[in-house]
Amino acid sequence: MFPYTRHRRLRNSQAIRSLVSETQLSVNDFIVPLFIVEGENVKEEIASMPNYFRYSLDLIETEVQELWSLGLKSVLLFVKAEEDRKDNQGAEALNPDGLMQRAIKTIKKAVPGILVMTDVALDPFSSFGHDGIVENGEIINDETADVLAEMALSHAQAGADFVAPSDMMDGRILQIRTKLEQEGYTNTGIMSYSAKYASAFYGPFRDALDSAPVDAKDVPKDKKTYQMNPANRKEALSETLADIEEGADIVMVKPGLCYLDIIRDLANEVDLPIAVYQVSGEYAMLKAAAEKGWLDHDSVMLEQLTAIKRAGASLIASYFAKDVAKLLKA
Ligand code: PBG
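Please read all numbers here as calculations on a predicted model, not as lab measurements. (Residues numbered from 1 in each chain as written. Predicted model: local features only at pLDDT ≥ 70, side-chain atom pairs only at ≥ 80, totals over all residues.)

### Some details on the packing of helix α8 (residues 260–269) against helix α10 (residues 297–311)
And step 1. Across the interface, α8 lies against α10 with an axial gap of 8 Å and an inter-helix angle of 35°. Each of L260, I263 and R264 in α8 lies in contact with α10, whose residues at this interface are A307, I308 and A311.
And step 2. For the contact of α8 with α10, the class distribution of residues is 5 nonpolar, no polar and 1 charged. (Axes fitted to C-alpha atoms, helices over the stretch in contact; angles between N-to-C directions. Helix = DSSP H or I, 4+ residues; strand = E, 2+ residues; numbered from the N terminus. Contact = placed C-beta atoms within 7 Å. Nonpolar A, V, L, I, M, F, W, Y, C, P; charged D, E, K, R; others polar.)

Written as structure tokens, this is what we have:
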């Protein structure tokens, strides 16, 4: 009872605060998302993601070498497909000599130890900007899952360590796992975007890849028939348990900050590692506020990432990964 109990004793100096800190950010926590484009000597800043870039394959080599030297050991690859390579079936996704397949090989060659994870979904290759095949105004589930399994196999064949299906079709983890096992890729991991919400925070990412759903007749204008309703909590657990049952190695909550309750729910119920994707809109929001001088960039960045980890994240995919790694090193 007061005055003998004084909570402030444990906050009196940096030393005691560090000693009793329950949550530590480490460079080991992070996955670095990378955007890849065709061409040579391309490093273009994404307008809605200040200080974040698309790289051509020649420049990605030095970038991953730098990440590795900062202690960042995992990357998550996204490619920006050329407009004339897009169709409704996402056929380019299966091209053994496609940009993704070449990116995997280039990065593995540049830094053999780096963990290469690849995005599996049709949207960068879809002429309609959807994660699956569109038919009569709908995203057709089972046919899409078949293509996704082929896409995952193609990434594994190119040397991907983990495939990361971000599409939210039902049953695709089972399809992918079965295909990988049948073809002998028994060591290829699956990081499933298991609780992915239909969020408005993905806007800058869709700018980065030019992958937003197109405005056309008989094409759904949003992804709400496959991504989850932000109003729902229990569904996140059943989605995630199903993906685990189907063969996921790592599960995911996406986005981060608006979904801390979901992260905590899963952390309490699930034994597999839980990845959290702090998405493009979360990055853009802080960059914009910091640019205006309204928020202190580094403090808010660390506070947000600490909150995500405190909520129960075992690993975090974040556009801030490099900034954090540099800060932790300093
Ligand atoms: C699409 C995909 C998206 C993101 C990762 N994979 C966007 C979407 O679902 O429309 C978003 C990542 C981000 O916003 O940083 N399969």
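### What about the UniProt feature "active site" (unreviewed entry) in the chain?
And step 1. Under the feature "active site" (unreviewed entry), the UniProt entry names K196 and K254. With the annotated positions falling across 59 residues, the maximum pairwise C-alpha distance of 4.9 Å places them together in a single cluster.
And step 2. Relative to the assigned elements, K196 resides in strand β9 (residues 189–196).
And step 3. Classification of K196 as buried rests on a count of 27 C-beta atoms within 10 Å.
And step 4. With near-sequence residues (within four places) excluded, K196 lies in contact with S166, M168, Q227, M228 and K254. (UniProt positions renumbered as here; feature names shortened; annotations may be inferred. Buried ≥ 20, exposed ≤ 12 C-beta atoms within 10 Å, placed from the backbone.)

### A look at the UniProt feature "binding site: Mg(2+)" (unreviewed entry) in the chain
And step 1. The residues that UniProt annotates with the feature "binding site: Mg(2+)" (unreviewed entry) are E239.
And step 2. Looking at the secondary structure, you find E239 in helix α7 (residues 234–246).
And step 3. For E239, a count of 21 C-beta atoms within 10 Å puts it in the buried group.
And step 4. When residues no more than four places from it in sequence are discounted, the contact partners of E239 are S194, A195 and M228.

### Notes on the site of the ligand
And step 1. Around the ligand, the neighbouring residues are D119, A121, D123, D131, S166, D167, Y202, F205, R206, K223, V279 and S280.
And step 2. Among the residues forming the shell around the ligand, the class breakdown is 4 nonpolar, 2 polar and 6 charged. (Near = placed C-beta within 6 Å.)

### Section: unusual backbone geometry
And step 1. Cis geometry marks the peptide bond from F2 to P3, where omega comes out at 15°.
And step 2. Among the structural elements, P3 can be located in the segment before α1 (14–19).
And step 3. Of note, the bond from K254 into P255 is cis; its omega dihedral lies within 30 degrees of zero at -5°.
And step 4. With respect to the helices and strands, P255 occurs in the loop between β10 (250–254) and α8.
And step 5. Although it is not a glycine, N41 sits at a positive phi angle of roughly 60°.
And step 6. For N41, the location among the structural elements is in the loop between β1 (30–37) and β2 (43–46).
And step 7. For N136, which is not glycine, the phi torsion reads 50° and is therefore positive.
And step 8. In this structure, N136 sits in the loop between β6 (133–135) and β7 (138–140).

### Comments concerning the pairing of β2
And step 1. Taken together, the 4 bridges between β2 and strand β3 (residues 49–56) define a ladder with antiparallel strand orientation. Counterpart to E44 in the pairing with β3 is R54.
And step 2. Following β2, the chain reverses through 2 residues before pairing antiparallel with β3. (Pairing = 2+ DSSP bridges.)

### Overview of the environment of L209
And step 1. Structurally, L209 is set in helix α6 (residues 203–209).
And step 2. Separated by 26 residues in sequence, L209 and E235 have C-alpha atoms that sit 29 Å apart.
And step 3. Once residues within four sequence positions are removed from consideration, L209 is found in contact with F35, F78, K80 and P124.

### Looking at the confidence of the model for the chain
And step 1. Here the chain shows a mean pLDDT of 97. Residues at 70 or above account for 100%.
And step 2. Our summary of model confidence lists the complex with pTM equal to 0.98 and ipTM equal to 0.98. (pLDDT = per-residue confidence, 0-100.)

### Some points on the nonpolar core
And step 1. Counting residues in hydrophobic clusters, the biggest one holds 96 residues, and the most contacted among them are V75 and L77.
And step 2. Ranked by residue count, the leading element in this core is helix α4 (residues 141–158), at 8 residues.
And step 3. What V75 contacts, discounting residues up to four positions off in sequence, is I31, V32, L34, V64, L67, I107, I114, V116 and M117. (Core = buried A, V, L, I, M, F, W, Y, C linked by C-beta atoms within 7 Å.)

### Focus on the environment of A156
And step 1. Looking at the element boundaries, A156 is found in helix α4.
And step 2. With 23 C-beta atoms counted inside 10 Å, the residue A156 sits in the buried group.
And step 3. As a C-alpha pair, A156 and L327 span 171 residues in sequence and 34 Å in three-dimensional space.
And step 4. Other than its neighbours up to four places away in sequence, A156 contacts V163, L180, Y185 and T188.

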